[in-house]
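The primary structure of each chain is shown beneath.
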There are 4 protein chains.
Amino acid sequence: MTKKHSWKHRLHEIIYEADTKEGKLFDVVLLVAIIASILLVMLESVNSFDEKYHNYLNICEWIITILFSIEYILRVISIKKPLRYIFSFYGIIDLLSTIPKYLSFIFIGSHHLVALRALRLLRVFRILKLTRYIGASNTLLVAMRASKAKISVFLFFVVIICIILGTIMYMIEGAANGFTSIPRSVYWAIVTLTTVGFGDIAPQTPLGQFIASIIMILGYAIIAIPTGIVSSEIAKSSKDENNTQACPNCLKEKHKNNAKYCYNCGSVLNE
Amino acid sequence: MTKKHSWKHRLHEIIYEADTKEGKLFDVVLLVAIIASILLVMLESVNSFDEKYHNYLNICEWIITILFSIEYILRVISIKKPLRYIFSFYGIIDLLSTIPKYLSFIFIGSHHLVALRALRLLRVFRILKLTRYIGASNTLLVAMRASKAKISVFLFFVVIICIILGTIMYMIEGAANGFTSIPRSVYWAIVTLTTVGFGDIAPQTPLGQFIASIIMILGYAIIAIPTGIVSSEIAKSSKDENNTQACPNCLKEKHKNNAKYCYNCGSVLNE
Amino acid sequence: MTKKHSWKHRLHEIIYEADTKEGKLFDVVLLVAIIASILLVMLESVNSFDEKYHNYLNICEWIITILFSIEYILRVISIKKPLRYIFSFYGIIDLLSTIPKYLSFIFIGSHHLVALRALRLLRVFRILKLTRYIGASNTLLVAMRASKAKISVFLFFVVIICIILGTIMYMIEGAANGFTSIPRSVYWAIVTLTTVGFGDIAPQTPLGQFIASIIMILGYAIIAIPTGIVSSEIAKSSKDENNTQACPNCLKEKHKNNAKYCYNCGSVLNE
Amino acid sequence: MTKKHSWKHRLHEIIYEADTKEGKLFDVVLLVAIIASILLVMLESVNSFDEKYHNYLNICEWIITILFSIEYILRVISIKKPLRYIFSFYGIIDLLSTIPKYLSFIFIGSHHLVALRALRLLRVFRILKLTRYIGASNTLLVAMRASKAKISVFLFFVVIICIILGTIMYMIEGAANGFTSIPRSVYWAIVTLTTVGFGDIAPQTPLGQFIASIIMILGYAIIAIPTGIVSSEIAKSSKDENNTQACPNCLKEKHKNNAKYCYNCGSVLNE
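If you're wondering where the values come from, they're calculated on a predicted model, not measured in any experiment.

**Some points on the overall build of chain A**
Phase 1: In terms of helices and strands, chain A carries 12 helices and zero strands.
Phase 2: Walking chain A from its N terminus toward its C terminus, one meets helices and strands in the order α-α-α-α-α-α-α-α-α-α-α-α.
Phase 3: Scored against the burial criterion, the 271 residues of chain A give a buried share of 47%.
Phase 4: For chain A, contacts bridging at least 24 residues in sequence account for 52% of all contacts bridging at least 6.

This is how it looks when you write it as structure tokens:
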């Protein structure tokens, strides 16, 4: 039994961890397979391409499906608590991106589920952790988390503004000018405030254009707020390159993290 | 009379304050009612939905109207100076979002006033104060207030630029290319400078496109200004270098957090 | 002669300076007149409005023209070196925004020059100097000047990128898809990179859309550069609230500019 | 032979370096020629202009081609390792922007290669180095390099988000509403997230508009991230806290500007 256990243990190490050479190799192969599978889904969705190479695409689709099936089974086998994996976010994504091809025998139209495979791309971030980008993404994450509350308040404020302004625009412009309902007007207000500006709906009355101008200038000005929030958070989180230790001899502060001697008097610092 | 007073007092506590359990509950119920009422107005404005479920929506509308009426009456009763509430910003909003249904018996077309109900969403910010987001929204408010003067100067500058550039574009492009009047050209200049770009009006002549390019690059560059302003203000206000303690001797405020003595008169500060 | 000189001197004080009560009043009246004249030009450009009230607008236009004429003559009379004013930027603007009505007797079509009056709005900034916004606009100006070189390099870089990408898009999309010439393609590249996106020209081929995607993501990322530049400049220029003086007793630094006593040990600071 | 060598050496100095007066002159003349050649290509691409002045443009094109040919030959002759230049990035660009006119005798359609000449504009940056903008562009470059890792992680994140959201929108909206394939939907997601918003494709279903709203607000919020990154990097690099001096004992670099002793080994630094 020890052998089997060690075999499972080894598999777990390869699939779920990335410290060993095999683990890293597995992650890279998986990443390539995911990207290939997404490219496949993309190509299938292009009609002109699908008509020409339908058979080739179908074969590739089966290869990917079988590979993902094997991976899914290995993941379930090698983990100690399979149910925890199966009902985890990644577990559900993995299953949903594997089964559509099998389901297509039973149901017609289940094919669209294949597109969910794009969500597997999120696994990339796990693999990124192993690279030199870990520091960069950590700084970003720390800054994101620190500014979460402020960004939430801001986005909440933006949504309320859009509901109010969208409702006002619905009253001013009316259905004749494309503002057929309040939800649609709110959608337009979001399109405008975020400076996207599709132009599928645009105000026609002078008063509507005046209020639209205010919304646009508002959007142009308040984009400064999330930027300001994140800027100051990133500045803070990347400031931590100096520590706050004071030199035991001259009491100068703000030494570099890797400093062994005081930059001012040359005496030895405490580790 | 003491009893009645205490009953009024208690009602006031529940409706206007949020320190007690009942007060918090009232605020949450009110918030849910406001959101429900707005969703209702939105659904009514969608023609296809309104045609199917007109009766249900009408009943819901009456329930909301009656609830808001009761709330409005209670607010007037429980406050010491009812007129001050009635003519306050929130008082007017509350009235305007309650009466349209009653008015619809007398006037046809008053229905649109219902949309003003969206303004009641602003009450949300009062309720937010009670949550953990108070700190976040305070930092934002402080930064907003501190940068108000600079942002005003900036927006003023943007408006002047848009008037000048809009006028120039009117002269260059003319009515044939959609720039039918100066206000419309100024509207276009705002759409372009703020990088919204609806595309309902677009320059057709080479010279017009050249000036449009300059406007766009200008807009792309000067968006940096409000961002820079807010960034530095948020950075400042989140540094918390100054506390709000007043010197017990000279009443000067804004001492540094680590200050032991008043920087103005030299007397000892309270810890 | 002294009397005349003093009369001229007084006029100069009122028109060109703003220290006296009369000078401030003149500036405010002038500002109101400028805004009125611009509103007038705007209303005239709206066809439906001009048809109805042509006579009234014509009378107002003559009043404004006469007022501006008087102002122009007074400006020329009251200054010591009239030629310097006449050929200065403001002098030319003032003249050009005054004469079109007179010229309309001689030439037809000179009416459009009236629109140049919008440039007179720039005078507003002179008047702003007198208000509490002076500090705010100064900080902005200092930051602008400090970041001029960096912003120039950045905009230069943006223009080169747009020329290169516009040329490439011309080769890929061609005249059939709206990219009729290289200047037009460069115009499109600017519209896209600055995230304006009118949509009057849009790539149709897959390769064109792919490159457009790269342009858009590039534009989305490099907008960070001017923002970063201005942010750090504003942060620097508003940091100067603390001076670098060290306390003569405890050597603590970073005292407030208005501090008289050390915030750490309470001893008197040097003025 | 010494004479020839010194002649070559002198030519090399003029063409490849810019320390001498002749070198600077050469760079300026080259820059003017490049700009002229690009203007020429642009004008040729404008049909109405090309029809009128085809002959003049053709002559100018030949003059530019001959000048560039001479420059190319001189560059190859004067350098010690001609192959290194010929196969360098600039070498290939120089060749490709010179030969199309010759090729047009042999192949029809090779004319479009002329547009590659726009890439020669990149040489401008070499010339910029000589001006007072060198400091500004260096600060920018340092900040760019320092934030490369973080910006990469961010852009990678943006691309993944766009693939996922594009796929979801393809499933919701479908080919009937313009989302004809997944690549096209991903293109739309990029257009929307970067707040460009052409409007050539726009969601029609309520659910699609709801998700589009989320994408837009997301794009509006996450633009803060690159801005924050670059801001803090520019703030850091313009603070000049560290100098580039290497410790004479241990060769560690990046000492603080006010450092008297090496932070790593404690030995005295040069003033």
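So, next bit.
**Concerning the packing of aromatic side chains**
Phase 1: Within the structure shown, the criterion is met by 32 aromatic pairs over all chains.
Phase 2: Taken together, a centroid distance of 5.8 Å and an interplanar angle of 45° make the contact between A:Tyr72 and A:Tyr85 tilted. Of the two residues, A:Tyr72 sits in helix H3 (residues 47–78) while A:Tyr85 sits in helix H4 (residues 82–86), which places them 13 residues apart along the sequence. Here A:Tyr72 matches A:Tyr85 in class, with each residue buried.
Phase 3: For the pair C:Phe49 and C:Tyr53, a centre-to-centre distance of 4.8 Å together with 45° between the ring planes defines the contact as tilted. Taken together, the positions of C:Phe49 and C:Tyr53, both in helix H3 (residues 47–78) and four residues apart, correspond to about one turn of that helix.

**Thoughts on the pattern of salt bridges**
Phase 1: Under the definition given, this model contains 20 salt bridges over all chains.
Phase 2: For B:Arg75, the salt bridge goes to B:Asp94, with nearest N and O atoms at 3.9 Å. Of this pair, B:Arg75 sits in helix H3 (residues 47–78) while B:Asp94 sits in helix H5 (residues 89–96), and the two are 19 residues apart along the sequence. You'll find B:Arg75 and B:Asp94 in the same group, each marked buried.
Phase 3: Because the salt bridges share partners, they merge into one network encompassing A:Glu71, A:Arg75, A:Asp94 and A:Arg120.

**Details of the interface of chain B and chain A**
Phase 1: The interface of chain B with chain A comprises 46 residues on the first partner and 45 residues on the second.
Phase 2: Both sides together, the interface formed by chain B and chain A hides about 3900 Å², and carbon and sulfur atoms give 79% of it.
Phase 3: Taken together, the links from chain B to chain A amount to three residue pairs in polar contact (both at pLDDT 80 or more).
Phase 4: Listed by contribution, the elements that provide at least two residues to the side of chain B that touches chain A are helix H2 (21–45), helix H7 (124–128), helix H8 (134–146), helix H9 (148–173), helix H10 (182–193), helix H11 (206–222) and helix H12 (224–239) of chain B.
Phase 5: The biggest single contributor to the side of chain B that touches chain A is H12(B), with eight residues.
Phase 6: Looking at the side of chain B that touches chain A residue by residue, the class counts come to 32 nonpolar, 11 polar and three charged.

**Thoughts on the packing of H9(B) against H11(B)**
All names here are of chain B.
Phase 1: At a minimum axis distance of 10 Å, the contact between H9 and H11 shows a crossing angle of 170°. With respect to H11, the element H9 is oriented roughly antiparallel. When H9 is examined against H11, the residues Phe154, Val158, Ile161, Leu165, Ile168, Met169, Ile172 and Glu173 are found in contact with a partner set consisting of Leu207, Gly208, Gln209, Ile211, Ile215, Leu218 and Ile222.
Phase 2: Residues belonging to the contact of H9 with H11 are distributed by class as follows: 12 nonpolar, two polar and one charged.

**Focus on the domain arrangement of chain A**
Phase 1: On domain assignment, one finds that chain A holds domain 1 (3–129) and domain 2 (134–236).
Phase 2: Taken over C-alpha atoms, the centre of domain 1 of chain A sits 37 Å from the centre of domain 2 of chain A.

**Examining the relation of the copies chain B and chain A**
Phase 1: Superposing chain B onto chain A takes a rotation of 90° combined with a translation of 0.7 Å along the rotation axis, leaving an RMSD of 2.5 Å. Overall, the copies show the geometry of a four-fold rotation axis.
Phase 2: Mapped onto chain A, only 20% of the interface residues of chain B are again interface residues, and the two copies thus contact each other with different surfaces.

**As for unusual backbone geometry**
Phase 1: Although it is not a glycine, C:Thr195 sits at a positive phi angle of roughly 60°.
Phase 2: Tracing the chain through its elements places C:Thr195 in the loop between helix H10 (182–193) and helix H11 (206–222).

**Thoughts on a nonpolar patch on the surface**
Phase 1: Together, A:Ile59, A:Ile63, A:Ile66, A:Leu67, A:Ile70 and A:Tyr102 make up a nonpolar patch on the protein surface, roughly 550 Å² of accessible area in all.
Phase 2: Ranked by the residues each element gives to the nonpolar patch, the list is headed by H3(A), at five residues.

**Notes on helix H11 (residues 206–222) of chain D**
Residues and elements named next belong to chain D.
Phase 1: Compared with an ideal rise of 1.5 Å per residue, which puts 17 residues at 24 Å, H11 spans 24 Å between its outermost C-alpha atoms and is within 8% of the ideal.
Phase 2: For H11, a buried count of 12 out of 17 residues is recorded, marking the element as mostly surrounded by other parts of the structure.
Phase 3: Among all positions in H11, only Gly208, Gln209, Ile211, Ala212, Ser213, Ile215, Met216, Ile217, Gly219, Tyr220, Ala221 and Ile222 are buried.

**Some remarks on the nonpolar core**
Phase 1: Residues A:Trp188, B:Trp188, C:Trp188 and D:Trp188 are the most contacted members of the largest nonpolar core, which totals 233 residues.
Phase 2: Leave out the neighbours within four places in its chain, and D:Trp188 touches A:Phe198, D:Met169, D:Phe179, D:Ile201, D:Ala202, D:Pro203, D:Ala212 and D:Ile215.

What counts, and at which threshold
- Residues numbered from 1 in each chain as written.
- Chains lettered and ligands numbered in written order.
- Predicted model: local features only at pLDDT ≥ 70, side-chain atom pairs only at ≥ 80, totals over all residues.
- Heavy atoms only, no water.
- Helix = DSSP H or I, 4+ residues; strand = E, 2+ residues; numbered from the N terminus.
- Buried < 20%, exposed > 50% of the residue type's maximum accessible area, 1.4 Å probe, protein only.
- Contact = heavy atoms within 4.5 Å.
- Phe/Tyr/Trp six-rings, centres within 6.5 Å; stacked < 30°, edge-to-face > 60°.
- Salt bridge = Lys/Arg side-chain N within 4 Å of Asp/Glu carboxyl O.
- Buried area = accessible area lost by both parts, 1.4 Å probe.
- Polar contact = N/O pair within 3.5 Å; in protein donor to acceptor, adjacent residues only side chain to side chain.
- Nonpolar A, V, L, I, M, F, W, Y, C, P; charged D, E, K, R; others polar.
- Axes fitted to C-alpha atoms, helices over the stretch in contact; angles between N-to-C directions.
- Parallel < 35°, antiparallel > 145°, perpendicular 65-115°, else oblique.
- Domains from an automatic or database assignment.
- Least-squares fit on C-alpha atoms with pLDDT ≥ 70 in both.
- Patch = residues over 30% accessible without salt bridge, like charges linked within 9 Å, V, L, I, M, F, W, Y side chains within 5 Å.
- Areas by Shrake-Rupley, 256 points an atom, 1.4 Å probe, with all protein chains shown as cover.
- Expected span 1.5 Å × (residues − 1).
- Core = buried A, V, L, I, M, F, W, Y, C linked by side-chain atoms within 4.5 Å.

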